[in-house]
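These are the residues of each chain, in order.
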Amino acid sequence: RWYVLGEGELKEQLEQQMMQAAEEEHFEQAAQLRDRMRAIMRAGQHQMVVPSGFSDTDIIAFVQGETRGCIVTLHYIAGNFHDKEYTMLDGTSSEDGAELLGSYIKQYYSLRGVVPPLVLVSEEIEDMAAVETFLRSVAGKKVTLTVPQRGRRRELMHMAKKNAEEEIIRMETNAERRQKSLELFGSMMGLTETPVSFEAYDISNLAGTNTVGSMVVFENGKPRRSRYRRFRIESVANGQDDYKAMEEMLARRMQRWKDGDEKFTELPSVFLIDGGLGHVRIAKQVLDHFGCTKPVFGMVKDDHHRTRGLVAPDGREFSISATPAVLAMVGRI
């Protein structure tokens, strides 16, 4: 017996996960779930037919694109499509597939600790029998590792490869989009070079107390979370003084840079301040004090707290609402 894996059921599951991630303010995870849902729909998962008696199976395929490779893993539980995972690889070639798959399988299942009874791979890997024995030792039971040759298993492997191809295209398109956004930003702001990195700063407090400053870092249009920092503001004990708090936060960050603190040695291409002209002028004064000539702009909000434009310390305001790529990038930051 056969049945079609319903698009609605899969979409509903991913939408629920996406909404939960958004509610918990895990926005990057929510975006990944959104992109996964779109990719699955594009890849025609709603047309995937599987046998009702299909055992728990992982399908692992390597595909080489123009600029990078991708290993995709599709998980089936009792015949139901459950999830898929991607690993993007730079600097690979089509000849690397066998070696990469072998290394990936050993590392992946060592960490995961769970192996289904059937693992399908897109091509013969090095020491196939030895890797199968390794999987059996992890699972504690019989595991079959094989390359599908015909029938439904081969069709599902074709689907896995199609998913990998879709992901490579999506990633390459996103990379190009990010690069174009950076170029447009530099052009609109009159910068002499295309910016590579941004540091953005914001001040928050709870009813005028517990003032905290936050610094986020984006490189090549993507968040660099390992470089995020939080500052407990000491100069504003009571009440609300965003200007003074911003001054303290930036001064502490720049002092770390001046002192050679390895966590703060990298300066961004552009500083962004969450606030208007007053905030950005305070920031400019701090940067000037430390001899930093990097450009700084304020992120000006509309009545709905959405960024409508950027403002320079000299008062020039740059509208970005008519340039979707830049608006989206600054919005993410």
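Residues numbered from 1 in each chain as written. Predicted model: local features only at pLDDT ≥ 70, side-chain atom pairs only at ≥ 80, totals over all residues. Heavy atoms only, no water.

Observations regarding helix 5 (residues 151-188)
Helical geometry note: an α-helix holds 3.6 residues per turn, so side chains three or four residues apart project in the same direction. With 38 residues, helix 5 ought to run about 56 Å at 1.5 Å a step, and its terminal C-alpha atoms sit 55 Å apart, in line with that. Following helix 5 by one or two positions, G190 adopts a phi angle in the positive range, close to 70 degrees. (Helix = DSSP H or I, 4+ residues; strand = E, 2+ residues; numbered from the N terminus. Expected span 1.5 Å × (residues − 1).)

Some thoughts on unusual backbone geometry
Backbone geometry places D127, a non-glycine residue, at a positive phi of 55 degrees. Along the chain, the position of D127 falls in the loop between strand 6 (118-121) and helix 4 (128-139). Residue D127 is classed as exposed on the basis of its relative accessible area, which comes to 60%. At N220, a position not held by glycine, the phi torsion is positive, near 55 degrees. (Buried < 20%, exposed > 50% of the residue type's maximum accessible area, 1.4 Å probe, protein only.)

A short note on the pattern of salt bridges
One pass over the full model with this rule turns up 15 salt bridges. One salt bridge in this structure joins R170 and E167, with 2.6 Å as the shortest N-O distance. Here E167 and R170 lie together in helix 5, a separation of three residues that amounts to about one turn. You'll find R170 and E167 in the same group, each marked buried. Of the charged contacts, one joins R316 and D314 as a salt bridge, the two residues approaching to 2.8 Å between their closest N and O atoms. We classify R316 as partly exposed; its relative accessible area is 45%. Through salt bridges with shared partners, one network takes in E199, E219, R224, R227, R253 and E266. (Salt bridge = Lys/Arg side-chain N within 4 Å of Asp/Glu carboxyl O.)

Details of the packing of helix 5 against helix 8 (residues 324-332)
Geometry of a packed helix pair, given as the angle between the helix axes and the separation of the axes. At a minimum axis distance of 9 Å, the contact between helix 5 and helix 8 shows a crossing angle of 100 degrees. Here helix 5 is positioned roughly perpendicular relative to helix 8, judged by the angle of their axes. Note on element contacts: helix 8 touches helix 5 through A325, V326, M329 and V330, opposite S181, L182, L184, F185 and M188. (Axes fitted to C-alpha atoms, helices over the stretch in contact; angles between N-to-C directions. Parallel < 35°, antiparallel > 145°, perpendicular 65-115°, else oblique. Contact = heavy atoms within 4.5 Å.)

Describing the sheet that holds strand 3 (residues 57-64)
Strand order in the open sheet made by the five strands is 5-4-3-6-7, with mixed pairing throughout. For this open sheet the edge positions go to strand 5 (80-90) and strand 7 (144-146), each flanked by a neighbour on one side alone. Sheet twist, expressed as the average angle between the axes of neighbouring strands with direction ignored, equals 15 degrees. Two elements, strand 6 and strand 7, share three bridges in a ladder whose sense is parallel. For L118, the partnering residue across the bridge sits in strand 7 and is T144. Packed onto the sheet, helix 5 meets strand 3, strand 4 (68-77), strand 5 and strand 6 and runs at close to 135 degrees relative to strand 4. (Pairing = 2+ DSSP bridges.)

Structural notes on the side chain of S181
Along the chain, the position of S181 falls in helix 5. A relative accessible area of 2% means that S181 is categorised as buried. For S181, the contacting residues outside a window of four places in its chain are A325, V326 and M329.

Structural notes on the environment of A61
Here A61 shows up in strand 3. When its relative accessible area of 0% is taken as the criterion, A61 is described as buried. Those residues in contact with A61 that lie beyond four places of it in its chain are C70, I71, V72, L101, S122, M157, A160 and K161.

Purely spatial values, then, with no claim about function.
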